[in-house]
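Here are the chains, one letter per residue:
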Amino acid sequence: MSEEVKKVATRESYGNALVEYADQYPNLVVLDADLAGATKTGTFKKAHPERFFDCGIAESDMMGIAAGLSTVGKIPFASTFAMFASGRAFEQVRNSIAYPHLNVKIGATHAGISVGEDGASHQALEDLALMRMLPGMVVMNPADDIEAKAAVKAALDYVGPVYIRFGRAACPIINKPDYDFKIGKGTVLREGKDVTIIATGICVSASLEAAEMLKADGIDAEVINICTIKPLDDELILASAKKTGKVVTAEEAFVAGGLGGAVAELLSEKLPTKMTRIGIHDRFGESGTASALIEKYGLDGKGIYASVRDFVKA
Amino acid sequence: MTDLELKKIANEVRKGIVTAVYSAQSGHPGGSLSAADIFTYLYFEEMNIDPENPKKPDRDRFVLSKGHTAPGLYSVMANRGYFPVEELKTLRKLGSRLQGHPSMQYLPGIDMSSGSLGQGIAAACGMALGAKIDNKDFRVYTLLGDGECEEGEVWEASMFAGAKKLDNLVVIVDNNNLQIDGPITEVNNPYPLDKKFEAFNFHVININGNDFDEIRAAFEEARETKGMPTAIIAKTTKGKGVSFMENAVGWHGKAPNDEQYAVAMADLDKISDDLNKEAK
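Keep in mind the model is a prediction, meaning the values are calculated, not measured. (Residues numbered from 1 in each chain as written. Chains lettered and ligands numbered in written order. Predicted model: local features only at pLDDT ≥ 70, side-chain atom pairs only at ≥ 80, totals over all residues. Heavy atoms only, no water.)

**Student:** So what exactly am I meant to see when it comes to the overall build of chain B here?
**Tutor:** Scanning chain B from N- to C-terminus turns up 10 helices and 7 strands. A globule of 280 residues ought to have a C-alpha radius of gyration of about 19 Å, and chain B, at 17 Å, matches this closely. Expressed as a percentage of its 280 residues, the buried residues of chain B come to 60%. When contacts within chain B are restricted to residue pairs at least 6 apart in sequence, long-range pairs at least 24 apart make up 74% of them. (Helix = DSSP H or I, 4+ residues; strand = E, 2+ residues; numbered from the N terminus. Rg over C-alpha atoms; globule rule 2.2 N^0.38 Å. Buried < 20%, exposed > 50% of the residue type's maximum accessible area, 1.4 Å probe, protein only. Contact = heavy atoms within 4.5 Å.)

**Student:** Looking at this structure, how should I read the state of the cysteines?
**Tutor:** One way to say it: the disulfide is the covalent bond shared by the sulfur atoms of two cysteines. Going through the model one piece at a time under the given rule, you end up with 0 disulfides over all chains. No disulfide involves cysteine 203 of chain A; its sulfur sits 11 Å from that of cysteine 171 of chain A, the nearest cysteine. For cysteine 203 of chain A, a relative accessible area of 0% corresponds to the buried category. Here cysteine 149 of chain B stays free of any disulfide, with the sulfur of cysteine 125 of chain B as its closest cysteine sulfur at 13 Å. (Disulfide = S-S within 2.5 Å.)

**Student:** I'm lost on helix H8 (residues 145–157) of chain A in this one. Help?
**Tutor:** Structural remark: α-helix, 3.6 residues per turn; residues separated by three or four positions point the same way. Residue and element names in this part refer to chain A. Helix length check: H8 (13 residues) gives 19 Å between terminal C-alpha atoms against 18 Å at 1.5 Å per residue, within 8%. Those residues of H8 that sit buried are Asp145, Ile146, Glu147, Ala148, Ala150, Ala151, Val152, Ala154, Ala155 and Leu156. For H8, the N-terminal capping position is held by aspartate 144, with its side-chain oxygen 3.2 Å away from the main-chain nitrogen of isoleucine 146. (Expected span 1.5 Å × (residues − 1). Polar contact = N/O pair within 3.5 Å; in protein donor to acceptor, adjacent residues only side chain to side chain.)

**Student:** Hey, could you run me through the domain arrangement of chain A in this one?
**Tutor:** Accessible area lost upon the coming together of the parts serves often as the stated size of an interface. Residues and elements named next belong to chain A. Domain boundaries in chain A define domain 1 (7–172) and domain 2 (187–313). Between the C-alpha centres of domain 1 and domain 2 there is a distance of 25 Å. In this assembly, 31 residues from domain 1 lie in contact with 35 residues from domain 2. For domain 1, the biggest contributors to the area lost against domain 2 are Ile113, Leu125 and Arg132; these three give 31% of the whole. The tally of links from domain 1 across to domain 2 stands at 1 salt bridge. (Domains from an automatic or database assignment. Buried area = accessible area lost by both parts, 1.4 Å probe. Salt bridge = Lys/Arg side-chain N within 4 Å of Asp/Glu carboxyl O.)

**Student:** I would appreciate a short explanation of the pairing of strand E2 (residues 140–145) of chain B in the present structure.
**Tutor:** Residue and element names in this part refer to chain B. Of all the 6 residues making up E2, 6 are buried; the element is thus mostly covered by neighbouring parts of the structure. Here E2 shows a buried face lined by Val140, Thr142 and Leu144 and a second buried face lined by Tyr141, Leu143 and Gly145. In the sheet, strand E1 (residues 61–64) pairs with E2 via 4 bridges, with the strands oriented parallel. Across the sheet, residue arginine 61 finds its bridge partner in E2, namely valine 140. Assessed by its sense of winding, the connection that carries the chain from E2 through helix H6 (residues 152–163) to strand E3 (residues 169–175) is right-handed. (Pairing = 2+ DSSP bridges. Right-handed = clockwise from strand over helix to strand, strands pointing away.)

**Student:** Looking at this structure, how should I read the sheet that holds strand E5 (residues 105–109) of chain A?
**Tutor:** Paired through their backbone hydrogen bonds, the strands of a sheet run either parallel or antiparallel. Residue and element names in this part refer to chain A. The strand order across the open sheet formed by 7 strands is E3-E2-E4-E5-E7-E6-E12, and the pairing between neighbours is mixed. This sheet does not close on itself; its edge strands, each paired only once, are strand E3 (52–54) and strand E12 (228–230). Between one strand axis and the next, the sheet turns by 20° as a mean value, whatever way the strands run. Sheet topology note: the strand E6 (residues 138–140)/E12 ladder contains 2 bridges and is antiparallel. Residue pairing in the sheet places methionine 140 in a bridge with threonine 228 of E12. (Axes fitted to C-alpha atoms, helices over the stretch in contact; angles between N-to-C directions.)

Rendered as C-alpha cells:
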C-alpha cells in the first residue's frame, strides 16, 4: 500500500457522518454509554448537544431507551463498544429492538482484535454472528471512511433495526468518492478467475494487497467487498463462486457465524464450492498493538496472501 | 367516573382475565388480578387515549414492563373498546393477536412489546425523553412487578429517569409481595422499594393499589410533581377477587380447570351483585 493512501478509523467516520446528516434528519438523536470520546459521538455532542444523551455506563438500559425513543418518532443511534452493544445488551437488542422491529441504529465501535492493547475482554469477535441471527436486523461492517459514512446514511434511510460495526484503528480508503452504496449489495473491487476472496471491514484493503502479491504465484484473484453481512448479496457471491470455483472469506471476527459462516451456509445449499475461512478460529484475542495483532492472526495483506496461496495450491 | 363505576369495570376486567387464562389453559392470572384496579384507573380515567385511534400521536403511552400480566392489559383494553371482549378467549392461541406477552407488532394499542423483565421501564424512559425533546405534553406510564425490581435494568433505567428529571414518567410497582418461587422477601428481597426509588431521585407515593380513592389521589399527585419522575408503590393482593387465588403463590402462572373456573366466576359474579346492590 503506497504511502499516499489516506487512512481514517471508521469510528471517526461514524462521528463525522452523524454531524453531517444531523440537519437533513432532524429526528436523528445520539445515545452513548460514557464512551463518547472513544466512539466519536463526542463530535456530534459538540455540534448538537440538545440531541445527544449520555446514558452512563448502562448499555442494556441504553438499548431500551433507544427503543422507546424510536416508538415516538426519533431515529436513535445507540453507541458503545461492539462488545457491550452486541454482548452485554444482546437480549435488550433482541427483545426490545429486533422483535418489535424498531427503527433503532446501533453504532458499535472498537470491534475486532484491532481494538489492540485493551485485550480480549474488549475485542468483540462474535458480534457479527450474534447480530446476524436476529430476524430483520441489518448488519453492516464498513471497510473504510467512505463506506462507513455511506452506511450511516443508508441506515438513516432504512426503517428498521440496523447494526453497524466500526473500528478503532485507522484503515486505508479504498472506495471511490462516487461509490453508490446500497444495503445488501456487495462490490467486485478486483476481477479475477482463479479464486474469490470475499472480505469485509479492515480485511478488504488487506485482500486487495494479497491479490497483488498472488499475481507472482500466477494466481488471479477476484476480490469482493461485502459490507452488508445481512442481508447477504447472494447473487454476487454465487456468480463469482461459479466463475472461480474457489472461495476464501476474510474477516476480523470469529469465522463461526460471521461472514465466513454466512457464505458457507449460502454455498453449501446453493452451490457447494471449495472454500476456506480467514478470521479468528475459536480463541479469544489478546493485548498488543492493532498492527501486531492483525499480523499475528494473519489478517494483513501478507497473512491473507499466504492463506489464499496455500488454499489454491493445496 | 365514580369509584363505584370504576369498581364495576375492574370486576369486569377481572372476569376477562380469568376467562382468557381459562380459555388458553395457560397464562398469568395472579399478577393480572392484583393490578386490575390500576389497569382500570389508567385506561378509564387517567390516560389520554382513544381506542378508535390507537396510534394517535399525542396519546399518553403505557408500557407493561411486567409483560406476563398481559391478560390484565388485554382485558382492560377489550373493556375499553380496543377490540371485542370475546377476543380475549383467543389468548395465547395460534394466530391470535393476543400473544403470550404483549407485542406491538400484533395488536394496535400496545405501545411497546414487553415480557422480558426489566426492559419495559427502559423503553418508557425513552418515550418520556422523546416527549421532552419535542416539548410534547404526553405522559408515560409503566407498570412493574415487585419481583421484577430484582432486575438490574430497573435501576439503570430509574437512575436515568431521575438524572434526566423525567417528570412526565410514572412508574407503578404492583407490590403484591409474591413471585414465582415464593414471597419476594424470601426469594431475593427488593425491599425497601420506596426508599430505593427515593434514592434514585423519584417522588414516591405509597398506596393501597386496590383502593380507587388512593389510586386517584396518587395519579393526581404525580401530575403535580415537577422536576422528578414519580414512583407509585401500590400494595396489592395477588389474585385479588378470586377467593382461592388470593395471596396464593401457586396462582402466579397457572390456569384454572373447569371446576375452578366456575368457582372463580361465581366469586366475581358475587362481587358484581354486591356492587349493584351498593348502587341502589
